[in-house]
Amino acid sequence: MRRALDTGRTADAIAADLGAVAVGTLPQPLSYLINDSARTHGRVRIAPAACVIHGEEAALLAELVTHRKLAALGLRVLAPTVLVSRTPLDKTLAALRAAGYAPVAERADGTVRVEKTRRRRAAAPVPVPHSQTSGSGPCRR
C-alpha cells in the first residue's frame with residue numbers, strides 16, 4: 001500500500017485495480033485498509049536539511065531568507081523563528097558571517113559550540129645576510 005501511495009496512486013485507483021482482478025467485490029476489511037492507509041499517508045513529511053537556523057526575531061530570519069547573497073544556501077521557512085538550510089552548518093555559518101550577520105553555531109544538544117581559533121605565531125625573523133652587515137670596516141657594537 002505504502003509503495004503505491006508513494007508513487008502517487010490514489011485510494012480509488014488502488015481499489016479499482018484490485019477490484020479488476022478480484023473474484024467478486026473487494027472484502028470490506030481490505031477496502032477499509034486501503035482508505036485508512038490513504039488517509040494517514042503523508043501526515044508526517046520529511047525534508048532534506050543540512051542544518052537548522054533559529055532565533056527569537058522572526059523579522060531577522062525572514063530577512064535571511066530573502067537576502068540575495070544567501071540564496072545559494074537554500075534557506076526555507078519552517079516556522080517564523082525556524083529556518084532550514086540545505087547547506088552544511090560550517091558553510092552556512094561562513095556565508096552568514098560574510099553577509100554581515102553574527103551567528104553562533106550549536107552542538108547537537110543545543111549548547112553553543114565554542115570555536116577555538118588557531119593561534120597565529122609570528123614568523124621567525126629572517127637573518128640579515130652577512131654581506132649586508134659587514135661593511136668595509138670592522139663591526140662595531
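From a predicted model like this one, the values you see are computed outputs, not experimental measurements.

Definitions and cut-offs
- Counting of residues starts from 1 at the beginning of each chain's written sequence and follows it residue by residue.
- At least 70 in pLDDT is required for a residue's local features to be given in this predicted model, at least 80 for side-chain atom pairs to be given and counted, and no such filter applies to totals for whole chains, interfaces and linings, which use all residues.
- No hydrogens and no water enter the side-chain calculation; it runs on all heavy atoms of the structure.
- Note on conventions: DSSP H or I runs of at least 4 residues are helices, E runs of at least 2 residues are strands, and numbering of each starts at the N terminus.
- Note that the radius of gyration is over C-alpha atoms, with the globule rule given as 2.2 Å times the number of residues to the power 0.38.
- The contact criterion used throughout is that any non-hydrogen atoms of two residues lie within 4.5 Å.
- Note that His is not counted, nor are the chain ends; the positive residues are Lys and Arg, and the negative ones are Asp and Glu.
- We put the charge of a Lys on NZ, of an Arg on CZ, of an Asp on CG and of a Glu on CD.
- When a carboxyl oxygen of Asp or Glu lies within 4 Å of a side-chain nitrogen of Lys or Arg, that pair is called a salt bridge.
- Exposure categories follow from relative accessible area, calculated using a 1.4 Å probe and restricted to protein chains: below 20% of the type maximum is buried, above 50% is exposed, and the middle band is partly exposed.
- Polar contacts, as counted here, are pairs of nitrogen or oxygen atoms within 3.5 Å of one another; within protein the pair requires one atom able to donate a hydrogen and one able to accept it, and residues that are adjacent in sequence qualify only if both atoms are side-chain atoms.
- Side-chain atoms within 4.5 Å are what join buried Ala, Val, Leu, Ile, Met, Phe, Trp, Tyr and Cys residues into a set we call a nonpolar core.
- The pairing criterion is simple: DSSP has to find at least two bridges between the two strands.
- Throughout, an axis means a line fitted to C-alpha atoms (over the contacting stretch in the case of helices), and angles, computed between N-to-C directions, take values from 0 to 180 degrees.

Caption draft 1: Representation of the overall build of the protein within the structure. Within the protein, the secondary structure is distributed over 6 helices and 3 strands. The C-alpha atoms of the protein give 32 Å as radius of gyration, which overshoots the globular expectation for 141 residues (14 Å, by more than 25%). Dimensions of the protein along its principal axes, counting C-alpha atoms only, are 120 × 35 × 30 Å. Counting only contacts in the protein whose residues sit at least 6 apart along the sequence, the fraction spanning at least 24 positions is 40%. Looking at the protein, you have 21 positive and 11 negative side-chain charges, and the mean spots of the two groups are 16 Å apart.

Caption draft 2: Region of the structure containing the pattern of salt bridges. The tally for this structure, following the rule as stated, stands at 4 salt bridges. Residue Arg-39 is joined to Asp-36 by a salt bridge in which the shortest nitrogen-to-oxygen separation is 2.4 Å. You can see Arg-39 and its partner Asp-36 sitting in helix α3 (residues 28-40), 3 residues apart, about one turn around the helix. According to the relative accessible area criterion, Arg-39 is exposed, its value standing at 53%. Among the residues examined, Asp-36 registers a relative accessible area of 37% and is labelled partly exposed. Among the salt bridges present, the one from Arg-113 reaches Asp-90, with a minimum N-O distance of 3.0 Å. Taken together, the residues span a long stretch of sequence, with Arg-113 in the loop between α5 (89-98) and α6 (130-133) and Asp-90 in helix α5 at a distance of 23 residues. By relative accessible area, Arg-113 is classed as partly exposed at 27%. Classification of Asp-90 as partly exposed rests on a relative accessible area of 49%.

Caption draft 3: Main features of the side chain of Ser-85. Within the secondary structure, Ser-85 is located in strand β3 (residues 82-85). The class of Ser-85 is buried, set by a relative accessible area of 1%. Within the local environment of Ser-85, its side chain forms a polar contact with the backbone oxygen of Leu-73, the two atoms lying 3.2 Å apart. Excluding its chain neighbours within four sequence positions, the residues that come into contact with Ser-85 are Ala-49, Ala-50, Cys-51, Ile-53, Leu-73, Gly-74, Leu-75 and Thr-92.

Caption draft 4: The arrangement of the nonpolar core in detail. Counting residues in hydrophobic clusters, the biggest one holds 9 residues: Ile-53, Leu-61, Leu-64, Leu-70, Leu-73, Leu-75, Leu-83, Leu-96 and Tyr-101. The contacts of Leu-73, once residues within four sequence positions are left out, are Ser-85, Arg-86, Thr-87, Lys-91, Thr-92 and Ala-95. Counting 5 residues, the second largest nonpolar core, distinct from the first, contains Leu-5, Ala-11, Ile-14 and Leu-26.

Caption draft 5: Region of interest: the sheet that holds strand β2 (residues 76-79). One open sheet accounts for 3 strands, arranged β1-β3-β2; its pairing is antiparallel. Edge positions in the open sheet fall to β1 (51-54) and β2, since each of these has one partner strand only. Pairwise comparison of adjacent strand axes, ignoring direction, gives a mean angle of 35° for this sheet. With 4 bridges joining them, β1 and β3 adopt antiparallel strand pairing. The residue of β3 that forms the bridge with Ile-53 is Leu-83. This element, helix α4 (residues 58-66), spans β1, β2 and β3 of the sheet and lies at about 25° to β3.

Note that every value here comes from positions in space, so none of it alone points to a role or purpose.
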